[in-house]
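Secondary and tertiary structure notes
Listed here are the chains, written in short residue letters.
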Amino acid sequence: MLRNDWTRDQIQHIYQQPLLDLLFEAQSVHRQHFTANTIQISTLLSIKTGKCPEDCKYCSQSAHYDSGLEAEKRIAIDRVIMEAKQAKASGSMRFCMGAAWRNPHERDMPYVLDLVKQVKALGLETCMTLGMLSGSQAQRLKQAGLDYYNHNLDTSREYYSHIISTRSFDDRLDTLEQVRQAGLKVCSGGIVGLGEKNQDRIGLLLELATLPQHPQSVPINMLVPIAGTPLADVEKLDVIEWIRTIATARIIMPESYIRLSAGRESLTHSDQAMAFMAGANSIFSGDKLLTTPNAGLNSDQILFEKLGLITESKQLKPQPLAIDAMAG
Ligand code: SAM
Ligand code: DTB
Ligand code: SF4
C-alpha cells in the first residue's frame, strides 16, 4: 500500500528504531516491491558547468563561491552523444544530463530538446536536471521524449534557508508540480551531511513521502565537501545516519528507486553493502558525477561481484508483446 499521509511521528519512529530492526524492515519491504540483489544504473554528464547564479552552499558550481572549478558553456551535442554511447556500452540504462542554470532560458530549449531526442534514439532512458521549469518547458521536454526530471528538495523546509537563499522551498515544490503535470517521472531527493539534524533528515523524508505521488526516483546524496564553499569544513556525518535515511526512505516510499548518489566515492564497500541492505537499488556509475569524482567502473565491478549484485537490465522489465506493439 502506498501512503501519502505519513506523519512526522511515524517517520521518526521508523528512523529511530534499533538499526538491525530498521535494516530488516527495509529489506523486507524492498523484497515485496523489487527483485532482490538487482541494481539500476544511471550515468551523469554535466552539459553546462559552473557560473551558476544560485547560492547552494554545498555546490562547486555556484558563482557565489570560489571553488576553482573551470566553467564550461553548453557542450557540443556530438560530445554528449559520444558519452551517452559509452554509458550504454558500459551497462547504464539511463543517461542524466545536468546544467548549472537557475532555469533553462528559451534560447536553450532547442538544444536540450535535441539532446533528449538524440539520446533517446540510442535506446537509453533520459533524465535532465536543469533547474526550475515552467509548465510549458516541462511539456515540451515530455513531448521530446524525456523520461525523468531531477529536482531535489535537498533538505527539510526548516533547514533549507541555511543552505540556499536564491530559490525557495516552494519554488522547488512548484517545479515538481509542473514536472508531474507534464507526465514526466519525478526524480527528487536530497543531501545529508550539510550540518543538519536528525529532525531535518526526517523532515526531508516527510516532504518527499507526502507529495501527491512519491517521486519514482529518490537520490540520497552525501555531501562531497568542496573547498571554497561555505560547507567545505562541515563535520562529516556518521555513515549510520545516511543508512537510516536510506532505510526510512525505502520503507515509506516502497515503490521508488532509492539511489546512492553523491558521496559514494568516500564510502567503503561495507558501507555501500549496508546501504543496499537498507533498500537502496540504484547508483550512478562512471568516474565522474557532474564535477566531482565517482567510484569508477572497476571499483563498482568488484563491488557487484563481491556482493553478488546484478544490474537491472531492460530485459528484466515486462516488454510489450510483439503483437501489442503491432497493434499500435
Ligand atoms: N543545477 C540543478 C539544480 O540544482 O536544480 C541541477 C544540478 S545539481 C548539481 C543537483 C543536485 O546535486 C543538488 O540538488 C544536490 O542535491 C546535489 N549536489 C550538488 N553538489 C553536491 C555536493 N557537493 N555534494 C553532494 N550533493 C551535491
Ligand atoms: C542528484 O541528486 N545527484 C546528482 C544528480 N542528482 C544530478 C548530482 C550529484 C552532484 C555531486 C557533485 C558534483 O559532482 O558536482
Ligand atoms: Fe546551481 Fe544546481 Fe549548484 Fe545550486 S546545485 S548552485 S542550482 S548547479
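Each value, and the rule that gives it
- Residues numbered from 1 in each chain as written.
- Chains lettered and ligands numbered in written order.
- Predicted model: local features only at pLDDT ≥ 70, side-chain atom pairs only at ≥ 80, totals over all residues.
- Heavy atoms only, no water.
- Helix = DSSP H or I, 4+ residues; strand = E, 2+ residues; numbered from the N terminus.
- Rg over C-alpha atoms; globule rule 2.2 N^0.38 Å.
- Buried < 20%, exposed > 50% of the residue type's maximum accessible area, 1.4 Å probe, protein only.
- Areas by Shrake-Rupley, 256 points an atom, 1.4 Å probe, with all protein chains shown as cover.
- Lys, Arg positive; Asp, Glu negative; His and termini not counted.
- Charge placed at Lys NZ, Arg CZ, Asp CG, Glu CD.
- Axes fitted to C-alpha atoms, helices over the stretch in contact; angles between N-to-C directions.
- Parallel < 35°, antiparallel > 145°, perpendicular 65-115°, else oblique.
- Left-handed = near helix turned anticlockwise from the far one by under 90°.
- Contact = heavy atoms within 4.5 Å.
- Arc of directions from axis to C-beta.
- Core = buried A, V, L, I, M, F, W, Y, C linked by side-chain atoms within 4.5 Å.
- Polar contact = N/O pair within 3.5 Å; in protein donor to acceptor, adjacent residues only side chain to side chain.
- Near = heavy atom within 4 Å.
- Nonpolar A, V, L, I, M, F, W, Y, C, P; charged D, E, K, R; others polar.
- UniProt positions renumbered as here; feature names shortened; annotations may be inferred.
- Expected span 1.5 Å × (residues − 1).

From N to C terminus, the chain includes 12 helices and 10 strands. On C-alpha atoms alone, the chain measures out to a radius of gyration of 19 Å, which is about the 20 Å that the 2.2 N^0.38 rule sets for 328 residues. If one aligns the C-alpha atoms of the chain with their principal axes, the spans along those axes are about 55 × 50 × 40 Å. Counting all 328 residues of the chain, 57% fall into the buried class. For the chain, the exposed surface amounts to about 14,600 Å²; the carbon and sulfur share of it is 53%. Charge-centre separation for the chain: the mean point of 34 positive side chains lies 5 Å from the mean point of 37 negative side chains.

This part covers the packing of helix α8 (residues 198-209) against helix α9 (residues 239-252). At a minimum axis separation of 11 Å, α8 and α9 run at an interaxial angle of 25°. By the angle class used here, α8 and α9 are roughly parallel. For the element pair α8 and α9, the recorded crossing hand is right-handed. Residue-level contacts link N198, R201, L205 and A209 of α8 to E241, T245, T248, A249 and I252 of α9.

Next up on the list: helix α1 (residues 8-16). Those residues of α1 that fall on the buried side of the exposure criterion are I11, I14 and Y15. Down the axis, α1 shows its buried residues gathered within 100° of arc, on one side only. When the buried face of α1 is taken as reference, the exposed residues oriented beyond 90 degrees from it are D9 and H13. Taken together, the buried residues of α1 touch α2 (19-33), α8 and α9.

Our focus in this paragraph is the nonpolar core. Counting residues in hydrophobic clusters, the biggest one holds 91 residues, and the most contacted among them are I47, Y58, V80, M128, L141 and W242. Ranked by residue count, the leading element in this core is α9, at 8 residues. Ignoring any residue separated from it by four or fewer positions in sequence, one finds L141 in contact with M109, V112, L113, V116, M128, L130, L133, L146 and Y149. Counting 7 residues, the second-largest nonpolar core is a separate cluster that includes L44, A262, F284 and L289.

It is worth spelling out the environment of S165 at this point. Structurally, S165 can be placed in the loop between α6 (157-160) and α7 (169-181). Note: C-alpha distance between S165 and Y149 (16 residues apart in sequence) is 22 Å. At 2.6 Å, the side chain of S165 forms a polar contact with the side chain of D55.

All residues in the neighbourhood of ligand 3 are listed as C52, E54, C56, Y58, C59, S62, A100 and R167. Among the residues forming the shell around ligand 3, the class breakdown is 5 nonpolar, 1 polar and 2 charged.

Let us now look at the UniProt feature "binding site: [4Fe-4S] cluster" (unreviewed entry) in the chain. UniProt feature "binding site: [4Fe-4S] cluster" (unreviewed entry): in the numbering of this structure it lies at C52, C56 and C59. Checked against the element boundaries, C52 lands in the loop between β1 (38-48) and α3 (77-89). Residue classification places C52 among the buried positions, given a relative accessible area of 10%. Leaving out residues up to four positions away in the same chain, C52 has contacts with Q61, S62, A63, H64, A100 and W101.

Topologically, I251 is positioned in helix α9. Note: C-alpha distance between I251 and A278 (27 residues apart in sequence) is 9.1 Å. In contact with I251, other than residues within four places in its own chain, are W6, I14, L22, E25, A26 and V29.

Further remarks concern helix α4 (residues 109-121). With 13 residues, α4 extends 18 Å between its outermost C-alpha atoms, agreeing within 8% with the 18 Å of an ideal straight helix rising 1.5 Å per residue. Within the span of α4, buried status applies to M109, Y111, V112, L113, L115, V116 and V119. Buried residues along α4 sit against β1, α3, β2 (94-99), β3 (125-129) and α5 (135-144).

Its identity as a non-glycine residue notwithstanding, K51 has a phi of 55°, on the positive side. Its location among the elements puts K51 in the loop between β1 and α3. One non-glycine residue, D154, adopts positive backbone phi at about 75°. Structurally, D154 can be placed in the loop between β4 (148-150) and α6.

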